[in-house]
Amino acid sequence: MEEYLQLFKNETDFYNHIVLGSVLPENIWGSLPHVCGTWLRNYVGGIFIYSIIGFLWCFYIYYLKRDVYIRGDVIPSMKTMVLHIRDSMKCLPWLATLPTFSEYAVENGWTKCFPRISDVGLFAYFLYTIAYIVFVELVTYWIHRKLHDIKPLYKYLHAQHHNYNKQHKISPLAGMALHPLDGVAQGAPHTMALFLVPTHFTTHLTFVFLGAIWTANIHDCIDKKLSPLMGGGYHIIHHLSNRHNYGLYTIWMDWMFGTLSHPVSRATKLN
């Protein structure tokens, strides 16, 4: 059993060396306890993903493709985007605790994770991955919805994110501009799934990584209909109405529970 669990630790050690070794001298992080190094890697990695994806996406849609995807008069101001960055930097240290706890739990054998696809076979791997996605979608939907429905949760947690409730107040940099407890609550389903669904460890980490990118995508306000994906056109409706489109990666849960509202393209509006 110890050798089996060591496979997980070897993998997280590898990621620590790749990320931290690229930005910090080893004498700074090499002597840290493993769990502290893992948190630092998740925090540093989170800053890199947020900054690179957010800034590149803003540069592309606001400057290289100005007036193609977003009209110039609704592009967020520099002041607004600085506020997005400020709130995100406050939230990121807390968000880093979720994957850190997940990895600690996996390394100690508390979860249903497995390190190699060959441990279960390809067919079972696909079934488990689908179950993982469905669980994350379902639980994230209801957590997000209850953050709106339960007034104290909205007032003291989720309202901070919905301060940005107009198109010219939302940018790809706003995806992590959350109250820290709000961010932890909405990210928790990825961790919860590991205790209930047999999950390939690397696949789990991949979804966490993609989730960080996806938060930038759904806040770009581009009004394309990407069904069944929950693109920016769907999510801007959520910010404007506060009662539609609570989903994460897809629109399926909103469709199932009656909260789906489709975006209307610019061409349709003009017609």
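The rules we used
Residues numbered from 1 in each chain as written. Predicted model: local features only at pLDDT ≥ 70, side-chain atom pairs only at ≥ 80, totals over all residues. Heavy atoms only, no water. Helix = DSSP H or I, 4+ residues; strand = E, 2+ residues; numbered from the N terminus. Rg over C-alpha atoms; globule rule 2.2 N^0.38 Å. Buried < 20%, exposed > 50% of the residue type's maximum accessible area, 1.4 Å probe, protein only. Areas by Shrake-Rupley, 256 points an atom, 1.4 Å probe, with all protein chains shown as cover. Lys, Arg positive; Asp, Glu negative; His and termini not counted. Charge placed at Lys NZ, Arg CZ, Asp CG, Glu CD. Phe/Tyr/Trp six-rings, centres within 6.5 Å; stacked < 30°, edge-to-face > 60°. Expected span 1.5 Å × (residues − 1). Bend = angle between axes of the 7 residues up to and from the residue. Contact = heavy atoms within 4.5 Å. 1 Å grid on protein atoms, 1.4 Å probe; cavity = no way out; pocket = protein on both sides within 12 Å on 5 of 7 lines; lining within 4 Å. Points joined across faces, edges and corners; volume = space filled by probe spheres on them. Nonpolar A, V, L, I, M, F, W, Y, C, P; charged D, E, K, R; others polar. Polar contact = N/O pair within 3.5 Å; in protein donor to acceptor, adjacent residues only side chain to side chain. Patch = residues over 30% accessible without salt bridge, like charges linked within 9 Å, V, L, I, M, F, W, Y side chains within 5 Å. Salt bridge = Lys/Arg side-chain N within 4 Å of Asp/Glu carboxyl O. pLDDT = per-residue confidence, 0-100. Core = buried A, V, L, I, M, F, W, Y, C linked by side-chain atoms within 4.5 Å.

A few words on the overall build of the protein chain. Counting secondary structure elements, the protein chain contains twelve helices and two strands. The N-to-C order of helical and strand elements in the protein chain reads α-α-α-α-α-β-α-α-α-β-α-α-α-α. Its C-alpha radius of gyration of 19 Å places the protein chain within 12% of the 18 Å reference for a compact globule of 271 residues. Across its three principal directions, the C-alpha atoms of the protein chain cover 65 × 45 × 35 Å. Per-residue burial over the protein chain gives 47% buried out of 271 residues. Taken as a whole, the protein chain presents about 13,700 Å² of accessible surface, with 67% of it coming from carbon and sulfur. Here the protein chain carries 21 positive and 17 negative side-chain charges, and the mean point of each set is 15 Å from the other.

Per the stated rule, a full pass over the model turns up 18 aromatic pairs. With a centroid separation of 6.3 Å and 50 degrees between ring planes, the pair formed by W214 and Y249 is classed as tilted. Of this pair, W214 sits in helix α9 (residues 201-217) while Y249 sits in the loop between α10 (232-241) and α11 (252-257), and the two are 35 residues apart along the sequence. For W214, a relative accessible area of 16% puts it in the buried group. Grouped by ring-pair contacts, the aromatic residues Y132, F207, W214 and Y249 constitute a single cluster.

What follows concerns helix α4 (residues 78-95). Two residues of an α-helix separated by three or four positions point the same way, owing to the 3.6 residues in each turn. Relative to the 26 Å expected for 18 residues at 1.5 Å per residue, α4 spans 25 Å between its end C-alpha atoms, a close match to the ideal helical length. Taking the largest bend as the criterion, α4 deviates by roughly 30 degrees, centred on M89, and proline P93 comes between one and four positions later. Buried within α4 we find T80, M81, H84, D87, S88, C91, L92 and L95. Tucked inside the fold, the buried residues of α4 contact α3 (34-64), α5 (97-107) and α8 (180-196).

Glancing now at the layout of surface pockets. Estimated volume of the largest pocket: approximately 1,100 Å³. Along the walls of the largest pocket sit 50 residues, with M176, V208, F209, G211 and A212 positioned nearest its centre. Looking at the lining of the largest pocket, the elements that each hand over two or more residues are α1 (2-23), α3, α4, α5, α6 (122-149), α8, α9 and α10. In terms of residue count, the dominant contributor to the lining of the largest pocket is α9 (nine residues). Split into classes, the residues belonging to the lining of the largest pocket amount to 24 nonpolar, 24 polar and two charged.

Once that is clear, we can look at the side chain of T203. You can see T203 is positioned in helix α9. For T203, a relative accessible area of 12% gives the class buried. Side chain to side chain, T203 and Y125 meet in a polar contact 2.8 Å long. Setting aside anything within four residues of it in sequence, one finds T203 in contact with Y125 and T129.

A contiguous nonpolar surface patch, about 560 Å² in accessible area, is contributed by V35, F101, Y104, W110, F195 and L196. Positionally, Y104 belongs in helix α5.

This brings us to the confidence of the model for the protein chain. Any region with low pLDDT has predicted coordinates that should not be read closely. Per-residue confidence for the protein chain gives a mean pLDDT of 92, with 97% of residues at or over 70. Counting contacts from residues 266-271, a segment whose pLDDT is below 50, to residues more than four positions away or on other chains yields eight contacts.

Before going further, it helps to examine the pattern of salt bridges. This model, assessed by the stated rule, comprises seven salt bridges. Here D13 ties to K9 by a salt bridge, and the two come within 3.2 Å at their closest N and O atoms. Here K9 and D13 lie together in helix α1, a separation of four residues that amounts to about one turn. Classification of K9 by relative accessible area gives partly exposed; the value is 29%.

The next subject is the nonpolar core. Counting residues in each nonpolar core, the largest one holds 23 residues, and the members touching the most others are Y62, I70 and M176. If you list the elements that add at least two residues to this core, you get α3, α4 and α10. Looking at which element gives the most residues to this core, the answer is α3, with five residues. Within the second largest apolar cluster, 18 residues are counted, among which are V106, Y132, V139 and L205.

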